[in-house]
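# A look at the structure
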Amino acid sequence: MSEPNKRYLELVSKKMPKSRHLTTMFRAFWTGGTICMIGQAFTDLYSSLPAALPEEDVSALTTITLILITAVLTGIGVYDKIGAYAGAGSIVPITGFANSVVSPAIEHKREGVVLGLCSNMFSVAGPVIVFGISSSVVVGIIVLIFKGAFV
Amino acid sequence: MDILVYLRVFAIGGAFCLIGQILINTTKMTSARILVCFLLSGVLLETIGVYKYIRDFGKAGATVPIIGFGANLAKGAIEGTLENGLLGAVSGGIEAVAPGIAAVIFIAFVVGLLATSKTK
């Protein structure tokens, strides 16, 4: 990097207010925590149903509900506003994953349904699914080899 | 409705997002990388048997963030392998998260068809 460039970057990092870090961290904390509390509220709601669903079904239903809410909020343009305020608070929860699928789907729709909407849907979610499924297969094989440790 | 449970959910869920924000602030990671990092940490923590304690304590605070999604994948893979051997090792992970992934794809497809992008 050239010397003036380096000096400029030093100047920028010196002038940039330190409190910005704290502000963004605080925002991420409370919005992320709130999204999780909404998730807990749905979990409690589904567990209290008379059908007495097993724990895994309740957790799957909660996930689907959060995805549905996020998709609608993304569709009407609200989730992007939440994201601008919350930073990681809107990325780390499962709602951020849903947003990362819905948002490019809407954005690229005018390039066509197949090549625009469908193929761009996975620009962020693709890596997540690839890493997720690959690592789960690796875990499965590790468990297969060291079965005794996991029983 | 137990206030203390909700406080724990808030604290654990918030803490994961706080870690994510620190990663964004200090490393300029894109959201795809953040998601992958959390996912892999979840897989690792579940495999070594730590995540179930976090889940017992944090409830939805531990299952709603993407790290819980990773933990769920690993949990499914471990259970699948113990039940069905090699076939379970391959399919266990995706079976556990299949409802979530199917819902994301279907809902995103429908919303994508219905919604129009206002900006741009």
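The structure contained in this document is the topic of the report that follows. (Residues numbered from 1 in each chain as written. Chains lettered and ligands numbered in written order. Predicted model: local features only at pLDDT ≥ 70, side-chain atom pairs only at ≥ 80, totals over all residues.)

### Quick word on the overall build of chain A
We count it as follows: Under the scheme used here, helices are H or I runs from DSSP no shorter than 4 residues and strands are E runs no shorter than 2 residues, and both carry numbers assigned from the N terminus. Atoms counted for the radius of gyration: C-alpha only. Globule rule: 2.2 Å times residue count to the power 0.38. Field definition: a residue is buried when 20 or more other C-beta atoms are found within 10 Å of its C-beta, exposed when 12 or fewer are, and partly exposed for counts in between, with C-beta atoms placed from the backbone. Whether two residues are in contact depends on their C-beta atoms, placed from the backbone: they are in contact if these lie within 7 Å.
When you go through chain A residue by residue, the secondary structure sums to seven helices and zero strands. In terms of C-alpha radius of gyration, chain A reaches 21 Å, well past the compact-globule figure of 15 Å for 151 residues. With the C-alpha coordinates of chain A rotated into their principal frame, the extents come out at 65 × 45 × 40 Å. Across the 151 residues of chain A, 42% fall into the buried class. For chain A, the proportion of contacts with a sequence separation of at least 24, taken over those separated by at least 6, is 57%.

### A look at the nonpolar core
Here is the rule: Buried Ala, Val, Leu, Ile, Met, Phe, Trp, Tyr and Cys residues whose C-beta atoms connect them within 7 Å together make up a nonpolar core.
Among the nonpolar cores identified, the biggest contains 72 residues, and A:Ile67, B:Leu35, B:Leu39, B:Ile66, B:Val104 and B:Ala108 are the most heavily contacted of them. Once you skip the residues sitting within four places of it in the chain, B:Ala108 turns out to touch A:Ala71, A:Val101, A:Val102, A:Ala105 and A:Met121.

### What to know about the interface of chain B and chain A
Inclusion rule: Put simply, Ala, Val, Leu, Ile, Met, Phe, Trp, Tyr, Cys and Pro go in the nonpolar bin, Asp, Glu, Lys and Arg in the charged bin, and everything else, Gly too, in the polar bin.
Between chain B and chain A, the contact holds 65 residues from the first and 64 residues from the second. Element by element, the count of residues in the side of chain B that touches chain A is highest for helix H5 (residues 66-114) of chain B, at 30 residues. In the side of chain B that touches chain A, the residues fall into 42 nonpolar, 20 polar and three charged.

### Comments concerning helix H2 (residues 31-47) of chain B
Keep this limit in mind: Here a helix's expected span is defined as the number of its residues, less one, multiplied by 1.5 Å.
Over its 17 residues, H2(B) runs 24 Å from end to end, which matches the ideal 24 Å to within 8%, given 1.5 Å per residue. For H2(B), the buried fraction is high: 12 of the 17 residues fall into the buried class. For H2(B), the set of buried residues is B:Ser31, B:Ile34, B:Leu35, B:Val36, B:Cys37, B:Phe38, B:Leu39, B:Gly42, B:Val43, B:Leu45, B:Glu46 and B:Thr47. Among the structural elements, helix H5 (94-107) and helix H7 (122-145) of chain A together with helix H1 (3-27), helix H3 (51-58) and H5 of chain B are those in contact with the buried residues of H2(B). Of the residues trailing H2(B), B:Gly49 is marked for its positive phi of about 85°.

### Quick notes on the environment of A:Leu61
In this structure, A:Leu61 sits in helix H3 (residues 55-75). Along the chain, A:Leu61 and A:Arg20 lie 41 residues apart, while their C-alpha atoms are 37 Å from each other.

### Here's the deal with the packing of H7(A) against H2(B)
Note the following rule: Here, axes are lines fitted to C-alpha atoms. For helices the fit covers the stretch in contact, and angles between N-to-C directions go from 0 to 180 degrees. Note that the term roughly parallel is reserved for angles under 35 degrees, roughly antiparallel for angles over 145, roughly perpendicular for angles of 65 to 115, and oblique for everything else. Left-handed describes a crossing whose near helix is turned anticlockwise from the far helix through less than a right angle; right-handed describes the clockwise counterpart.
Two numbers describe how H7(A) lies on H2(B): the axes approach to 9 Å, and their chain directions differ by 15°. With respect to H2(B), the element H7(A) is oriented roughly parallel. Pair H7(A) / H2(B) crosses with right-handed handedness. Contacts from A:Val124, A:Pro127, A:Val128, A:Phe131, A:Gly132, A:Ser135, A:Ser136 and A:Val139 of H7(A) reach H2(B) at B:Ser31, B:Ala32, B:Leu35, B:Val36, B:Leu39, B:Leu40, B:Val43 and B:Thr47. A breakdown of the residues in the contact of H7(A) with H2(B) according to their chemical character gives 11 nonpolar, five polar and no charged.

### Comments concerning the packing of H7(A) against H5(B)
Contact geometry of H7(A) with H5(B) gives a least axis separation of 11 Å together with a crossing angle of 155°. Between H7(A) and H5(B), the interaxial angle falls into the category roughly antiparallel. Crossing angle aside, the handedness with which H7(A) passes H5(B) is right-handed. A class-by-class count of the residues in the contact of H7(A) with H5(B) yields 17 nonpolar, 11 polar and no charged.

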